[in-house]
Amino acid sequence: MKVLPTTCPSCSSQLSVKSLVCERCQTEIQGQYELPLVARLSTDDQSFILEFIKASGSLKEMANLLGLSYPTVRNRLDEIIERVKIAEESGKDIKEKKL
Amino acid sequence: MIEATTNIKTADSSRLSQWLFNPFRFIAGFKALLLGLAIILASSFIGSFSNTHFDGVLDVHTGRSAPMWFFLAEGLIDWVCMVIPLFLFGLIVSRSAFRMIDVLGTQALARWPYLIAALAMLPDANRRVLAYLMSKLIQTAPAAAISSIDVLVFGFVMFVIILMLIWMVALMYRAYAVSCNIKGAGAVVTFIVSLIGAEVLSKIAILSLVRIFF
């Protein structure tokens with residue numbers, strides 16, 4: 001499976017979406033759209049978030065599903081929260097620069 | 001095929017090393033607490049056969065005979081004395097909302113290398129060599145003759161105990177880092193301060209117990 005690139009390979013800045021295409025009728029929309037915050041996270045983080053939602057937000061259930069201890073899963077979630085906060089901050093900075 | 005086999009072997013050895021040096025990745029909370037308490041009590045029970053006292057968070061000494069409850073109390077005091085400063089530092093340093101049960105459980109489980117230390121202290125050769133060394137130190141007639149095998153066994157046991165001590169401290173640190181979600185220099189410094197504090201605290205508590213009951 002192809003991995004969606006989120007940062008520029010040349011300067012490491014945040015990438016944005018320039019075009020979207022309908023696979024059925026090939027209609028193409030051009031513009032400049034920011035990547036959703038979750039899409040900016042790594043694939044590992046994204047799958048963790050999905051599993052977390054499927055487990056109704058229960059860390060205990062997540063720990064059972066992943067075969068890990070409760071604090072290990074909680075620490076992982078805390079790391080993702082930190083990354084989300086950083087992504088939010090960098091998103092704000094980009095918007096401010098554009099203005 | 002070869003690559004797949006190599007990957008499986010690497011994954012297995014990585015999982016094994018995780019179980020040896022960071023079992024808290026897989027086990028914590030109530031399960032770790034039950035298992036850890038069983039290990040602490042078993043270590044103290046086995047230690048009582050060779051009069052091995054865990055008379056401090058890091059200490060393993062052969063000493064006088066004592067009632068069984070005293071050996072068990074020593075093990076529990078060591079564990080509680082380590083948990084108190086780590087929990088307090090966790091509250092100050094950690095940004096995560098951690099659970100007391102994880103600190104209690106992982107610190108109890110981290111003491112499992114001392115079960116091996118208690119078993120290693122069982123051979124009579126240790127006592128004979130220690131009695132001999134003590135008699136030399138206080139310049140009295142040796143209590144009993146020692147053989148070269150006694151010395152070899154004693155040397156091996158000392159090596160095992162030092163190894164178990166290093167392993168236990170490494171596990172205690174990992175237990176602290178995982179249960180309180182603390183990393184880096186802050187984790188190392190607060191752990192060292194806690195370890196020194198816990199050693200002093202446990203010594204005071206055990207000495208107080210000796211003064212009250214003996």
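Residues numbered from 1 in each chain as written. Chains lettered and ligands numbered in written order. Predicted model: local features only at pLDDT ≥ 70, side-chain atom pairs only at ≥ 80, totals over all residues.

> What should I look at first to understand the overall build of chain A in this one?
When helices and strands are counted, chain A shows three helices and two strands. Scanning chain A from its N terminus toward the C terminus, one meets helices and strands in the order β-β-α-α-α. Dimensions along the principal axes, computed over C-alpha positions, put chain A at roughly 45 × 35 × 25 Å. Buried positions account for 10% of the 99 residues belonging to chain A. Expressed as a percentage of contacts within chain A between residues at least 6 apart in sequence, the contacts between residues at least 24 apart total 34%. (Helix = DSSP H or I, 4+ residues; strand = E, 2+ residues; numbered from the N terminus. Buried ≥ 20, exposed ≤ 12 C-beta atoms within 10 Å, placed from the backbone. Contact = placed C-beta atoms within 7 Å.)

> In this structure, what is going on with the overall build of chain B? I would like to understand it.
Along chain B, the regular secondary structure elements total eight helices and two strands. The order of α-helices and β-strands along chain B, N terminus first, is α-α-β-β-α-α-α-α-α-α. Along the first, second and third principal axes, the C-alpha atoms of chain B reach 60 × 55 × 30 Å. The burial tally for chain B puts 35% of its 214 residues in the buried class. Pairs at least 24 residues apart make up 76% of the contacts formed inside chain B by residues separated by at least 6 positions.

> Whenever I open this one, the environment of Gln14 of chain A confuses me. Can you help?
Secondary-structure assignment places Gln14 of chain A in the segment before β1 (16–21). Each C-alpha atom, one on Gln14 of chain A and one on Arg40 of chain A, is 8.4 Å from the other, the two residues being 26 residues apart in sequence.

> Would you mind going over helix α3 (residues 68–93) of chain B with me for this structure?
Residues lying three or four places apart along an α-helix face the same way, a consequence of the helix completing one turn every 3.6 residues. Residues and elements named next belong to chain B. Taking 1.5 Å of rise per residue, the 26 residues of α3 would be expected to cover 38 Å, and the 38 Å separating its terminal C-alpha atoms lies within 8% of that figure. All buried positions along α3 are accounted for by Phe71, Glu74, Gly75, Ile77, Asp78, Trp79, Cys81, Met82, Val83, Leu86, Phe89 and Gly90. Those residues of α3 that are buried are in contact with α2 (29–49), β1 (52–53), α4 (100–109), α7 (148–180) and α8 (184–213). (Expected span 1.5 Å × (residues − 1).)

> Honestly, the packing of helix α6 (residues 124–137) of chain B against α7 of chain B in this entry has me stumped. Any pointers?
All names here are of chain B. α7 packs onto α6 with a crossing angle of 100° between their chain directions and a minimal axis gap of 8 Å. Of the possible angle classes, the one that applies to α6 and α7 is roughly perpendicular. Residue-level contacts link Ala125, Asn126, Arg128 and Val129 of α6 to Ile149, Asp150, Val151, Val153, Phe154 and Val157 of α7. Looking at side-chain class alone, the contact of α6 with α7 contains seven nonpolar, one polar and two charged residues. (Axes fitted to C-alpha atoms, helices over the stretch in contact; angles between N-to-C directions. Parallel < 35°, antiparallel > 145°, perpendicular 65-115°, else oblique. Nonpolar A, V, L, I, M, F, W, Y, C, P; charged D, E, K, R; others polar.)

> How do you make sense of the pairing of β1 of chain A when you look at a structure like this?
Each regular strand shows side chains that alternate between the opposite faces of the sheet. Residues and elements named next belong to chain A. Counting buried positions along β1 yields zero of six residues, so the element is predominantly exposed. As defined by bridge partners, β1 adjoins strand β2 (residues 28–34) across five bridges and the pair is classed as antiparallel. Within the sheet, the bridge partner assigned to Val21 lies in β2 and is Glu28. Hairpin connection between β1 and β2: a loop of six residues separates the two successive antiparallel strands, and Gln26 in this loop has a positive phi of roughly 65°. (Pairing = 2+ DSSP bridges.)

> Whenever I open this one, unusual backbone geometry confuses me. Can you help?
A negative phi angle characterises most non-glycine residues, just as the trans form characterises most peptide bonds. At Ser56 of chain A, a residue that is not glycine, the phi angle is positive and equals roughly 55°. Mapped onto the fold, Ser56 of chain A is located in the loop between α1 (43–54) and α2 (59–66). Its 8 C-beta neighbours within 10 Å are what place Ser56 of chain A among the exposed residues. Phi at Asn181 of chain B is positive, roughly 55°, even though this residue is not glycine. The buried category is assigned to Asn181 of chain B, around which 23 C-beta atoms lie within 10 Å.

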